[in-house]
Each structure stands twice: as C-alpha cells, then as structure tokens.
Amino acid sequence: MYITLIFLGIIMATVITWLLRQTFNTQPWISEAADNEVSGSSMDTNSKAVALTVFLAVATSIFALFISAYTIRMDEPDWRPLAEPTLLWTNTFMLILASVAYHWTRNAAVKGLDSRVKSGLTVSGAFTVLFLVGQVVAWQQLNAAGYYLDLNPANAFFYLLTAIHGLHMLGGLWVWARSTMKVWTGADSDSVRLSIELCTVYWHFLLLVWIVLFGMLLST
Amino acid sequence: MAYVSIADRDHEAEHHDPDTFITKYVWSQDHKVIAIQYGVIAILIGLVGMLLSSAFRLQLGFPDVFSFINPENYYQFVTIHGMIMVIYLLTALFLGGFGNYLIPLQLGARDMVFPFMNMLSVWVYALSVIILVASFFVPGGATGAGWTLYPPHAISPGTPGTDWGIILMLLSLGVFIVAFTMGGLNYVTTVLQARCKGMTLMRMPLSVWGIFMATILGLLAFPALLVSAIMMLFDKLLGTSFFMPAMIQAGVATDTVGGSPVLFQHLFWFFGHPEVYIVALPAFGLVSDLLSTHARKNIFGYRMMVWAIIAIGGLSFIVWAHHMYVSGMNPYFGFFFATTTLIIAVPTALKVYNWVLTLWQGNIHLRVPMLFAIGFIFTFTHGGLTGLFLGNVTIDLPLSDTYFVVAHFHMVMGVSPVLVVFGAIYHWYPKMTGRMYNETLGKWHFWLTFLGTYSLYLPMHYIGFLGVPRRYFAMGNTDFMPDSAITLNASMTISALIIAATQTLFIYNMIVSLKKGEKSGGNPWKSTSLEWQTPDTPPKHGNWGHSLPEVHRWAYDYSVPGQAEDFTPQTVPESEVPVGRDHGTDH
C-alpha cells in the first residue's frame, strides 16, 4: 500500500496546503464590504478544468490502488511473470503519437486555425484507435500463446490493467468524437477549443499512466 | 478581476426553466429537486435496512421463536443492513441529499455547476439501489458475507448468496461509485468555483465545509472499494485468484492458489475507514450550524473547527489497518496504526469541546432540531470514548469479535449521524416545504429515539465485555452467556423494535405537515446563513430571483453586542446593521 500512500499523500498534501493557505490568517468574524477582491471563485479558470483536475485525482487514486495491489500480490509464491508481446512497444509509440497530435491540435485551436484543428483531431483519434486495436491484438497474441487470464495472477493483472486503461481511453474517445463531429459539421474551432484543451491534458495523463503501467509490467 | 459569478457566466446551462411535470419532478436538473430525490430514495432504502435489523434482532432476542429467520437469511439481513445503512443511506443522504440542497443555497449559487451530471448522478444512484434490492430476489438470495464482503468466504460455496447475490452486490457498489463520482465532482467544483460575491472560503457555513471535505475523502477513497469490487468480480466470474487462496472444500482442493485475502482487507479498509469520516464530517458540519442557530451564539472557534475538519480528513487515510489488528500484522505496524488512530481523537475532541462551548451561556432554544443536535453530542462522545479503547491493539484483540465493537460503531457512526440527519431534516424542513412540522410529534420522536438507542446500545457494550461474540446466529448454551445477558438480549430487541416503530412518527409528521403544517415564512429560526434569505420559500428554480446575493460577513453573527436583532444575515452590510439593545452573551 506504500505506493497508494505516496500518491494519496501528495494529493492530500496539495489539498491541505492549498486550503490552509486560503484559510490561514483570516478573521472571519470581522465583516467587510464585498469588494471585487473577495471573489467567489477560487481559481481563475473554467469550472470544467477544475472538474477535470478533480477527476484526474480520482483516476490517479484508482491506478495507484491497482499498482499497490499488483505489488502486494506479486510477492506470493505462485506468481509467474508473462512475456510481454513486442507489439506493446508499437502500441506505446501509437499512444505517444496520439498525445503529440492532440497537443498540436490544441495549439492550432488556440490560434484559431480551423482546418488544422480538423485534421489534427482526425489524426489524434486515428492514432488512439490504433493503440486500442493494438491492445486487443496483444491480448489475442497472449491468449494464443497460452497466457490465459485465469492461469496466473500476473496474466490476470495484465488483462485487467490494460482493460481499465483502455476503458479510460474509450471515455476520452467519446469526448473526442463529440468535438470531431462538431468540427466536421461546420462549427469553428473556437466552439471546441476548451474541449480540445482538456482532452489534451487527459491524453497526456493517460499516456503517463500507460508508461508507468508498461514499465511496471516489463520490469516484473 | 471584476467579479462575475459563474452562475451568470454560463447562462445557457443554467436557465432551462422546467415546464413539464417530467422535467420539473422526474428528470429535473434543479439541485433542490435532486436533493429531495436523493433524500427520499435514501430514506426509503434506509427503512428497508431498519426492517432488516428488526428481523435479525428478533432472532437474537428470542432465539428460534420466529421460524422465518434461518441462519441463511439471518446473515443476509445482517449484511444488507450494514451495506444499506453505511453506503446507500448515510453517504447518499449526507452528500447527495444535504450536499445538493445546501451547497448552492448556502454559497449563493443558482445551481450546481454541472446540473445535467447532477441529474444523472441521482438516477444512477437509484439504479444502484434497484440492483441491491434485486439481489434478494435472484436464485440463492442476497449475499450473506457480512458488509465487509471478505474473501474467500464471500465467493465460496456455503455462504448465502454466492451464486448471484454477491455479483449483484459488487455490481451495485460499482454503480453507486459512478453515481457518487458524478455528484462529487459537482460538489467540489461548485464549492470552489460558484460561490457568490463576498463568500470567501472562511465565510462558508461549517455544513458546507463538512460536506466539501467528506466529498474529497469520498472521491479518493471510493476507488479502493471499486478496485476491490472489480478484482473480486474477476475472481468470481473469470476464475482468477487475486484474493482466493488455495483451499480445500469438502475434501476437494479448489482451482484457486496463492491469492491474498489480506490484500482485499487492505483495499476494503483503505476505503472503509475514510468512509466513517465521509459520514461523520457532514454530520459535524450540520450539527455545528444547528447548535449555533438554536443557541443564538456564534460557533466557538470557527477556524479551529475548519482546520479540525481538514486534519481529520487527512488523518483518516492513515488509520485503516486498525480494523485489521486481528488479521495479524507486524507489531510495528500495529503500533503505528494505534498511534495515528489515537491522534485522530485530538481534532475530534476539539470539535466536541467547541460544540459544548458554543452552548455555554447561549440562549438555548430546545426546539426539535436542537434536541437532536444536543443528543448527538452525547452519543458521539460516548461512541468516541469506546473508540479510544478499541484503537489500542491489546484491548482490541479480545474485544474485536464481540458485541462491544458493534455497540461502539453503532454509537459513533450509526446513531450519531442519524440523530444529525433527523435534526437537520427538521431544521431545513421549513425551507424545503414552506411549512412547519408538528413540534410535539417531533419531540416524541426525539425522546423515544434517543432513549431507545441508549437502552439498546448501553447493554450491548456490557454483553460485549462479557465476551458474547458477534456474527453468531445463535449462542446456544455457553458459559459466558449468563442469564442476565440472555434477558438483556431480549430487552435490547424490544428497544430496537420500539425505535423502529417510533420512526413512523417521523414519516407521518413529514408527510402530514406538507399539507397541514403552519406556514413557516422564509426564516423561522432567524438564521443568518444565505439559504434563509432567499426571495421565495421554498426557493424557486434559480434560487435568487434577479440578482445573486452579496455576502458581507460570516454565517455566525448571532447575538452580536450592540445590535438590535440577535442575528445579522450574511447579506447585510456593516452600514445597514440596526443598532439597539444589547444582546451580548457577556451578561
């Protein structure tokens, strides 16, 4: 559980430090005029960005717990590591490309370049789908090689972790599909700018998670 | 930057005035309707949980008299009772119910930041409740594994409900977590981003602080339950052995090898302990507001109360293994977790002192909400004190499997939060409905419930001390069960039945007062916080009419010396405070 504790420690420390800084040195019992300084929103950003940040904390918690469970279960004597298919390297590369493409799209959206946004979205979506298809093929390869899900906890964790990561990716693709539909049916890039910016953050996050998971699977 | 409220920034999202019955009461995106939907569903399923407890109490008090209770459904009743009360009643009611109602109103917002997601949240929650109830009607019935669902017995033959019950249970928990996450994202974002002008974090009522911190805990802790539920579903459905060790069942070795049941316990309690505070922190917050309002005195040590909430929230993540002393662990770990457990008593005790000091020299009005709030101080202190015993490894080991633990956690996280729930419902009932409840019925409800729970749980500590084990269907003839304990068991069952019957007073009062209650007016308690200053009661869609309120002070300006009234609403600027006779508490 150390890994989870470290992750949650960081999250909680951030929350607590922020809250203490907001609340320290105030004298709430003294009434003051409601001037413009005393704003009602704590962060000068869109609420959706705040919600995404909170959601990323939730997702981090989920993955950290899975990783903790993995390391604890790994210590039992019946653990037999599996040979990861080389296809996973290609998939990782696809996901990196998807992330880069999304970042490029984001830059285009910020500058208001409609046509680049269109092609950028298409390319990032295509790489993401390739990644997911690659993951399914990797499953089939493992299955064909006899690494069945119920044979060993190492196999089970492999299928489980990739599935959970893939599900998060699918959730991202749903938002991606909505902005892509919008752009292709004639909306300008401004209307999807926020969605693209947030998706970029989400893609980077899922890339990071995948690299951590992949590294862990390779090294154990 | 010039202040523009978020509520007015995202115009199109907020002003979708509902016009049909369906959009107004069923698929409503109004936080107040969603709050009441959450509340009604939670109370209905809570009543089911209460009936289940009455049923198994019958068996405990009068063994083998009632033939409809056999060992299988005894365990099913106990399991689902625990599950319902902790998750589907208290978590949903505090965060989904009070969170939804109070956050926008107390912070001066028109609605939650994401109303559509809020609506999804309540209906997904309803779905999780339906799945839970459905588990009683599938082949084999509901799971009887205990609310902690420990493997291996939770999914091994011999335990009730290992065919379908456990699958539906885990599925229902997963669905609940999805619902909670959608709601939780809303609560956190709304608190951070949608407060009205002048509402700084340190002017928020403590109710909002408690709900806010509990939501953060929930968002970070429920994933642990989700992870363990998913892994157990894999073990059950796909034949993996994450948790399932090598076993011999009826003389035959099972397929499972090497799984770690203790891993499940770690994951479960990593959720399970913060869950205690997910239930307790909103109760702390709400009860603070109730005490302050009805004692006509500012809450004692507001900043300390806020920091205690934050500290308890942080500490609640590093105490989980005190639920696992009997599972065996490195003695140093036991020492660590015992220490953190006892440290958490410090901020908690601070809160109790501050509540009592709020009452000190206050102008106490013993109305129904206040009775429940004061009752809470008693039951919570009582339950907290036994917690100090159980936090120590050496005392926990002999007591862990006895009724002492059952009595402890029922006092601290069963009775106490429920008393706050009742107090808070009575307190905000006039705002939700525009009518007053019946005061006499409310007082009967309080006294019967309060004294009833004491007559139920005080003797339970005693029989726990005698060593009477929990979780048993029948005790048989055992040496440690003297006649007095057997008689006490019967009397506890009678108390439980009386408490259960008393709740009909509450339900009756709530329903009949909807039509027959006196009109309450907008601010019957002369309260300072924003929800009592709305232009309409009950507040209309959008809450605030044309313009949002502006806040000039904290929510606890009661009996300020030199002012004409004994309360100054948060919306009143300093220049407009009527000056007059002295209400100070320094007489």
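Here the residue numbers are simple positions, counted from 1 along each chain's written sequence. To label them, take the chains in the order written and letter them from A, then take the ligands in the order written and number them from 1. The model is predicted, so local features are restricted to residues of pLDDT at least 70 and side-chain atom pairs to those at 80 or more, both for listing and for counting; the totals for chains, interfaces and linings are taken over all residues.

What am I meant to see in the overall build of chain B here?
Put simply, DSSP marks the helices as runs of H or I at least four residues long and the strands as runs of E at least two long, and each gets a number from the N terminus on. If you tally the helices and strands in chain B, you get 17 helices and 2 strands. Over its C-alpha atoms chain B spans a radius of gyration of 24 Å, differing by no more than 12% from the 25 Å that the globule rule assigns to 587 residues. In this description, any two residues whose backbone-derived C-beta atoms lie within 7 Å of each other are considered to be in contact. Taking contacts inside chain B between residues at least 6 apart in sequence as the whole, the part at least 24 apart equals 79%. C-alpha atoms define the radius of gyration in this analysis, and the globule rule sets the expected value at 2.2 Å times the number of residues to the power 0.38.

I keep staring at the nonpolar core and nothing clicks. Help me out?
A general feature of soluble globular proteins is that nonpolar side chains tend to end up buried together. Residue and element names in this part refer to chain B. Residues enter a nonpolar core if they are buried, belong to Ala, Val, Leu, Ile, Met, Phe, Trp, Tyr or Cys, and are joined to the set through C-beta atoms within 7 Å. Note on burial: count the other C-beta atoms lying within 10 Å of the residue's C-beta; 20 or more is buried, 12 or fewer is exposed, in between is partly exposed, and C-beta positions come from the backbone. Membership of the largest hydrophobic core comes to 231 residues, with the highest contact counts inside it found for Tyr88, Ile211, Ile309 and Phe372. No other element matches helix H5 (residues 71-107), which puts 23 residues into this core. In contact with Ile309, other than residues within four places in its own chain, are Trp209, Gly210, Met213, Leu281 and Phe284.

In this structure, what is going on with the interface of chain B and chain A? I would like to understand it.
When the parts of a complex come together, some accessible area is lost, and that lost area is often taken as the interface size. Listed as interface residues are 58 residues of chain B and, on the opposing side, 47 residues of chain A. Ranked by residues supplied to the side of chain B that touches chain A, first place goes to helix H8 (residues 206-238) of chain B with 10 residues.

Which parts of the structure should I look at to understand H5 of chain B?
Within an α-helix, residues lying three or four positions from one another point in the same direction, as the helix has 3.6 residues per turn. All names here are of chain B. Expected span of a helix, by definition, is 1.5 Å for each gap between consecutive residues, and there is one gap fewer than residues. Over its 37 residues, H5 extends 50 Å from the first C-alpha to the last, a length consistent with the 54 Å expected when each residue adds 1.5 Å. Note that the bend at a residue is defined as the angle between axes fitted to the seven residues ending at it and the seven residues starting at it. The sharpest bend along H5 comes to roughly 45°, located at Gly99. Burial analysis of H5 places 34 of its 37 residues in the buried class, which makes it a mostly covered element.

What's the story with the packing of helix H16 (residues 439-466) of chain B against helix H17 (residues 483-516) of chain B in this structure? I'm lost.
Packed helix pairs are specified by the crossing angle of their axes together with the interaxial distance, meaning the distance between the axes. Residues and elements named next belong to chain B. Note on geometry: axes are lines fitted to C-alpha atoms, helical ones only across the stretch in contact, with angles between N-to-C directions running from 0 to 180 degrees. Viewed as axis vectors pointing N to C, H16 and H17 meet at an angle of 155°, and their least axial separation amounts to 8 Å. Judged by the inter-axis angle, H16 sits roughly antiparallel to H17. As for how H16 packs across H17, the hand of that crossing is left-handed. Each residue gets one label: Ala, Val, Leu, Ile, Met, Phe, Trp, Tyr, Cys and Pro are nonpolar, Asp, Glu, Lys and Arg are charged, and the others, such as Gly, are polar. Among the residues making up the contact of H16 with H17, the classes are represented as 16 nonpolar, 11 polar and no charged. Note on angle classes: values under 35 degrees are labelled roughly parallel, values over 145 roughly antiparallel, values of 65 to 115 roughly perpendicular, and the remainder oblique. Each crossing gets its hand from how the near helix is turned against the far one by less than a right angle, where anticlockwise is left-handed and clockwise is right-handed.

Where do I start with the environment of Asn509 of chain B in this structure?
Residues and elements named next belong to chain B. Of note, Asn509 is situated in helix H17. Using a count of 23 C-beta atoms within 10 Å as the deciding quantity, one classes Asn509 as buried. As for Asn509 and Thr440, which are separated by 69 residues in sequence, their C-alpha atoms are 9.7 Å apart. Not counting residues within four places of it along the chain, the set of residues in contact with Asn509 comprises Tyr437, Asn438, Leu441, Gly442 and His445.

So what exactly am I meant to see when it comes to the environment of Phe205 of chain A here?
Its place among the elements puts Phe205 of chain A in helix H6 (residues 189-219). When the C-alpha positions of Phe205 of chain A and Thr60 of chain A are compared, they lie 9.2 Å apart, and in sequence the two are 145 residues distant.

So what exactly am I meant to see when it comes to the packing of helix H4 (residues 31-61) of chain B against H17 of chain B here?
Residue and element names in this part refer to chain B. Close contact between H4 and H17 brings their axes to 8 Å; oriented N to C, the two are set at 160°. As judged from the angle between their axes, H4 and H17 are roughly antiparallel. For the pair H4 and H17, the crossing hand works out as left-handed. Packed against H4, whose contacting residues are Met50, Ser53, Ser54, Arg57, Leu58, Leu60 and Gly61, the element H17 presents Asn489, Ala490, Met492, Thr493, Ala496, Leu497, Ala500 and Gln503 at the interface. Tallied by class, residues from the contact of H4 with H17 come to 8 nonpolar, 6 polar and 1 charged.

It is not clear to me how the confidence of the model for chain A should be interpreted in this structure. Could you clarify?
Any region with low pLDDT has predicted coordinates that should not be read closely. Summary statistics for chain A give a mean pLDDT of 91 and a share of 96% for residues scoring 70 or more. Mean pLDDT values for the elements of chain A range from 87 in helix H1 (residues 2-23) of chain A up to 96 in helix H3 (residues 87-111) of chain A. For every residue, the predictor reports its confidence as pLDDT, a number between 0 and 100.

Mind showing me how you'd approach H17 of chain B here?
All names here are of chain B. Helix length check: H17, at 34 residues, gives a terminal C-alpha distance of 49 Å against a target of 50 Å (1.5 Å per residue), a fit within 8%. Those residues of H17 lying buried are Leu488, Asn489, Met492, Ser495, Ala496, Ile499, Phe506, Asn509, Met510 and Ser513. Check the buried side of H17 and you find it contacts H4, helix H15 (403-433) and H16.

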